[in-house]
Amino acid sequence: MELLSQGAEARVFATTFCGRPAVVKERFRKTYRLPALDEKLTTKRTLQEARCMLKARKAGVRTPCLYQLDSANTKITMEKVDGITAKQFLLDCLQKGDSAAALKVAGEIGKMVAKMHDAQVVHGDLTTSNFMVRSGPGEGDVVAIDFGLASSKPLPEDKAVDLYVLERAFISTHENADPLVNEVMRAYKAASRKADATLHKLSEVRRRGRKREMFG
Ligand SMILES: Nc1ncnc2c1ncn2[C@@H]1O[C@H](COP(=O)(O)OP(=O)(O)O)[C@@H](O)[C@H]1O
Ligand SMILES: [Mg+2]
């Protein structure tokens, strides 16, 4: 199997499943943890990842299709999304001066996060690398990936932190991110039934973030 990515907790390989292009995401042991505890945590995280991906999908968020969970609950096999990360897509757009395409993807991301949050799924790692933009069939569709840190029983505050992380990700990776961030938030507000409370909390989270920046 071809290794696509080696992360801190998981490796992603390219494979096929019933003849379809697929990826396997395999969580590995962390050697510094007690083996028995480690196995429990690895299994728990993998199950949680699959559960959150399905819950988001059920709520109408585009995610890879779940193909299989292995019996030991350490590997998830899912549809291989053909395309590039939203991060790369946005960088390409800005280089080409295609701000309309960039805004469209930003709006789509805001809408997807709104749907997740309304379904009580908090992603936990909202960066532009954890969204993909399809090429080929369904070209341009945005797909949410990497539910490895997601939670299906979030506190209200977790949703605000999710948005804060997303906002920081846009600002740190994309020049002139303001119009993109504004579009994410506009779309979030338009699509979420409970946006007001979350956006109110977001301003608190932002204030705390700024304080930390100033005073360390
Ligand atoms: N379903 C998928 N289809 C295509 N590529 C994927 C898929 N899932 C993951 N990848 C690729 O593997 C990388 C790492 O996967 P990810 O789930 O984000 O793992 P990690 O938790 O290590 O960040 C992604 O950035 C993406 O490039
Ligand atoms: Mg990732």
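Residues numbered from 1 in each chain as written. Chains lettered and ligands numbered in written order. Predicted model: local features only at pLDDT ≥ 70, side-chain atom pairs only at ≥ 80, totals over all residues. Heavy atoms only, no water.

Naming follows an unreviewed UniProt entry, where the chain appears as non-specific serine/threonine protein kinase of Ectocarpus siliculosus. According to the UniProt record, the Subcellular location (unreviewed entry) comment for the chain is "Nucleus". The annotation that UniProt attaches to the chain under Sequence similarities (unreviewed entry) is "Belongs to the protein kinase superfamily. BUD32 family." (UniProt positions renumbered as here; feature names shortened; annotations may be inferred.)

Brief notes about the coordination of the magnesium ion (ligand 2)
Bound to the magnesium ion (ligand 2) are the protein donor atoms N130 (OD1) and D146 (OD), situated 2.1 to 2.5 Å from the metal. Linking N130 in the loop between α3 (99-118) and β7 (131-134) with D146 in the loop between β8 (142-144) and α4 (156-173), this pair joins segments that are 16 residues apart in sequence. N130 sits in the buried class, given a relative accessible area of 8%. Judged by relative accessible area, which is 24%, D146 ranks as partly exposed. (Donors = N, O, S within 2.8 Å, 3.2 Å for Na, K, Ca; no water. Helix = DSSP H or I, 4+ residues; strand = E, 2+ residues; numbered from the N terminus. Buried < 20%, exposed > 50% of the residue type's maximum accessible area, 1.4 Å probe, protein only.)

Observations regarding helix α2 (residues 86-96)
Because the α-helix completes a turn every 3.6 residues, residues three or four places apart line up on one side. Looking at α2, one finds that the buried residues are A86, L90 and C93. Buried residues along α2 cover an arc of 60° about the axis, so they all sit on one side. Opposite the packed face of α2, turned more than 90 degrees from it, sit the exposed residues Q95 and K96. Lining the buried residues of α2 we find β6 (83-85), α3, β7 and α4. (Arc of directions from axis to C-beta. Contact = heavy atoms within 4.5 Å.)

With respect to the environment of A119
When you line up the elements, A119 lands in the loop between α3 and β7. Residues A119 and A100 lie 19 residues apart in sequence; the distance between their C-alpha atoms is 29 Å.

Let's talk about a nonpolar patch on the surface
Together, L34, L37 and L41 line one region of the surface with nonpolar side chains, adding up to about 280 Å² of accessible area. By the element assignment, L34 lies in the loop between β3 (20-27) and α1 (35-58). (Patch = residues over 30% accessible without salt bridge, like charges linked within 9 Å, V, L, I, M, F, W, Y side chains within 5 Å. Areas by Shrake-Rupley, 256 points an atom, 1.4 Å probe, with all protein chains shown as cover. Salt bridge = Lys/Arg side-chain N within 4 Å of Asp/Glu carboxyl O.)

Concerning the site of ligand 1
In the vicinity of ligand 1 lie 14 residues, with S5, K25, E79, V81 and D146 positioned nearest. At 3.3 Å from an oxygen atom of ligand 1 is found a side-chain nitrogen or oxygen belonging to N130. At a separation of 2.8 Å, an oxygen atom of ligand 1 approaches a polar side-chain atom of D146. Of all the elements in the fold, those that place two or more residues in the shell around ligand 1 are β3 and β5 (75-79). Here the shell around ligand 1 is built from residues that sort into 7 nonpolar, 3 polar and 4 charged. Looking at which domains feed residues into the shell around ligand 1, each of domain 1 (2-79) and domain 2 (83-215) supplies at least three. (Near = heavy atom within 4 Å. Polar contact = N/O pair within 3.5 Å; in protein donor to acceptor, adjacent residues only side chain to side chain. Nonpolar A, V, L, I, M, F, W, Y, C, P; charged D, E, K, R; others polar. Domains from an automatic or database assignment.)

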